Amino acid sequence: MTPFTYSRAADAADAMKRIGTPGAKFLGGGTNLIDLMRETIERPTALIDVTGLSDTVTDTADGGLMIGAAVKNTALAADRRVRERYPMLTRAIVAGASAQIRNMATVAGNLLQRTRCTYFYDADGAACNKRNPGQGCDAIGGFHRYHAILGASKQCIATHPSDMTVALAALDAVVHVQSDEGARRIALSDFHMLPGAHPERETQLGEKELITAIELPPADVARNSTYRKVRDRSSYAFALISVAAALKVEDGIVAEARLALGGVAHKPWRAVAAEAALIGKPADAAAFTAAADAELASAAPLPLNAFKVELARRTIVAVLAGLSATPGAGR
Ligand SMILES: Cc1cc2nc3c(=O)[nH]c(=O)nc-3n(C[C@H](O)[C@H](O)[C@H](O)COP(=O)(O)OP(=O)(O)OC[C@H]3O[C@@H](n4cnc5c(N)ncnc54)[C@H](O)[C@@H]3O)c2cc1C
Ligand code: SF4
């Protein structure tokens with residue numbers, strides 16, 4: 001590990017001042033950043049602990065929620081308002097990691113966790129354009145069972161590992177950030193980037209910008225929502241495929257739908273084509289399959305992850321069928 005200093009920010013202004021130190025990084029629960037420092041993939045010279053800032057969940061005037069960046073994953077999943085109004089978010093969070101990690105991990109840190117591509121972690125042995133731009137990508141011709149089927153590039157096929165962000169994408173969440181230059185808001189669906197020619201650029205966040213909160217707009221449809229994660233073992237594994245979905249059915253017809261996928265792309269994948277295909281259609285298996293097909297038409301898998309296309313199709317259909325059968329669906 002490269003030597004570094006540690007300090008705690010007293011407030012956002014203090015965090016702004018401290019992050020001015022060259023090589024400084026913000027520290028949340030440390031469950032991803034410290035691992036990456038041990039592997040020498042991240043080498044900050046100064047860690048600015050921001051876990052004492054913005055750790056409350058409050059109601060917004062329009063009926064949504066403002067979630068402080070330092071709220072712990074466990075606290076957010078357990079929040080009564082989240083469980084009632086946005087159950088897909090609770091389910092997504094508890095599907096991730098282990099109880100011990102969720103007790104430490106913060107909302108902002110979860111958003112910014114880095115890919116679990118094993119070649120990215122193999123700093124001594126593997127070529128990786130994300131770690132070393134221009135070096136090549138050993139995953140493309142290697143073991144890419146866990147990698148992307150949508151939106152990948154010739155430079156990188158890594159997936160975003162977070163479960164929580166998949167639900168946040170379906171919920172139209174907004175990321176609030178702050179820097180010396182002022183505050184700004186970024187739509188969660190624009191926050192993470194596709195790899196393109198620059199997989200080393202992962203988000204729209206500037207190096208010195210602090211995430212202060214995540215805003216959830218009101219979404220009545222989300223009361224009838226869920227998150228399903230398909231993985232190699234029943235806990236403590238990242239998603240092969242995941243689906244966050246919300247559905248409103250009126251007189252047997254889909255009136256509103258929200259759908260996002262995890263484990264398929266470099267970012268949480270908002271399934272806009274599937275949503276568009278669902279609206280106005282009967283809430284039945286034929287419409288759910290057509291919606292899944294519309295979304296997966298652009299899938300470009302590699303030999304070892306081609307199974308994900310069918311897995312995603314079946315998971316989308318099963319999740320939508322489950323939601324259309326729940327008592328809340330016709331509200
Ligand atoms: C064994 C293991 C299994 C896991 N399984 C899953 C899983 O199945 N699903 C899943 O979703 N996750 C999983 N995780 C990942 C875990 O959820 C993340 O490590 C965690 O969410 C990161 O949060 P943190 O607060 O600890 O972030 P940190 O490690 O502290 O920070 C992560 C990044 O966020 C930055 N940062 C933190 N706070 C701010 C802020 N306020 N503003 C700007 N930048 C900030 C840091 O500088 C750093 O770059 C797993 C982790 C481990 C170790
Ligand atoms: S898929 Fe991306 S993260 Fe993995 S080795 Fe290739 S460039 Fe690196």
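Placed above this text is the structure.
Residues numbered from 1 in each chain as written. Chains lettered and ligands numbered in written order. Predicted model: local features only at pLDDT ≥ 70, side-chain atom pairs only at ≥ 80, totals over all residues. Heavy atoms only, no water.

### Here we look at the packing of aromatic side chains
Let me state the cut-off plainly: A pair of Phe, Tyr and Trp rings is counted when the ring centres sit within 6.5 Å of each other, with Trp represented by its six-membered ring. The angle between the planes then sorts it: under 30 degrees is stacked, over 60 is edge-to-face, the rest tilted. Relative accessibility decides the category of a residue: with a 1.4 Å probe and only protein chains considered, values under 20% of the type maximum give buried, values over 50% give exposed, and everything between is partly exposed. The criterion for a charge sitting over a ring is simple: Lys NZ or Arg CZ within 6 Å of the ring centre, and within 35 degrees of the ring normal.
Under the counting rule described, the total for this entry stands at two aromatic pairs. Summarising the aromatic geometry, the rings of F120 and Y121 are spaced 5.9 Å apart at their centres and angled 80° between planes, so their arrangement reads as edge-to-face. Seen from their ring centres, F143 and Y146 are 6.4 Å apart, and the 65° between their planes marks the pair as edge-to-face. Residue F143 is classed as partly exposed on the basis of its relative accessible area of 45%. The ring of Y146 has R145 sitting right over it, with the charged end atom 5.5 Å from the ring centre.

### Remarks on the site of ligand 2
Heads up, the condition is: We call a residue near a molecule or strand whenever a single non-hydrogen atom of that residue lies within 4 Å of it. Each cavity reported here is a set of points on a 1 Å grid over the protein atoms alone in which a 1.4 Å probe fits but cannot get out, each pocket an open set with protein on both sides within 12 Å along at least five of seven lines, and each lining residue one with an atom within 4 Å of a point. For a cavity or pocket, the test is whether more than half of a molecule's atoms lie within 2 Å of its grid points; if they do, the molecule sits there. Three classes are used, and their members are as follows: Ala, Val, Leu, Ile, Met, Phe, Trp, Tyr, Cys and Pro are nonpolar, Asp, Glu, Lys and Arg are charged, and the others, Gly among them, are polar.
Inspection of the region around ligand 2 gives 14 residues, with C117, C128, C137, C156 and I157 positioned closest. Among the cavities detected, the one that contains ligand 2 is the largest cavity. Looking at side-chain class alone, the shell around ligand 2 contains 10 nonpolar, three polar and one charged residues.

### Overview of the sheet that holds strand 2 (residues 24-27)
In a beta sheet, neighbouring strands are held together by backbone hydrogen bonds and run either parallel or antiparallel to one another. Operational definition: Paired strands, as defined in this entry, are two strands with at least two bridges between them according to DSSP. In DSSP terms, a helix is any run of H or I states spanning at least four residues, a strand is any run of E spanning at least two, and both are numbered starting from the N terminus. Lines fitted to the C-alpha atoms define the axes, with helices restricted to the stretch that makes contact. Angles between their N-to-C directions range from 0 to 180 degrees.
One open sheet accounts for three strands, arranged 1-3-2; its pairing is parallel. Both edges of this open sheet fall to strand 1 (5-8) and strand 2, since each of them pairs with a single strand only. Pairs of neighbouring strands in the sheet enclose a mean axial angle of 25°, with direction left out of account. Bridge analysis of strand 2 against strand 3 (residues 46-49) gives four bridges, and the strand direction is parallel. Considered in strand 3, the bridge of K25 is made with L47.

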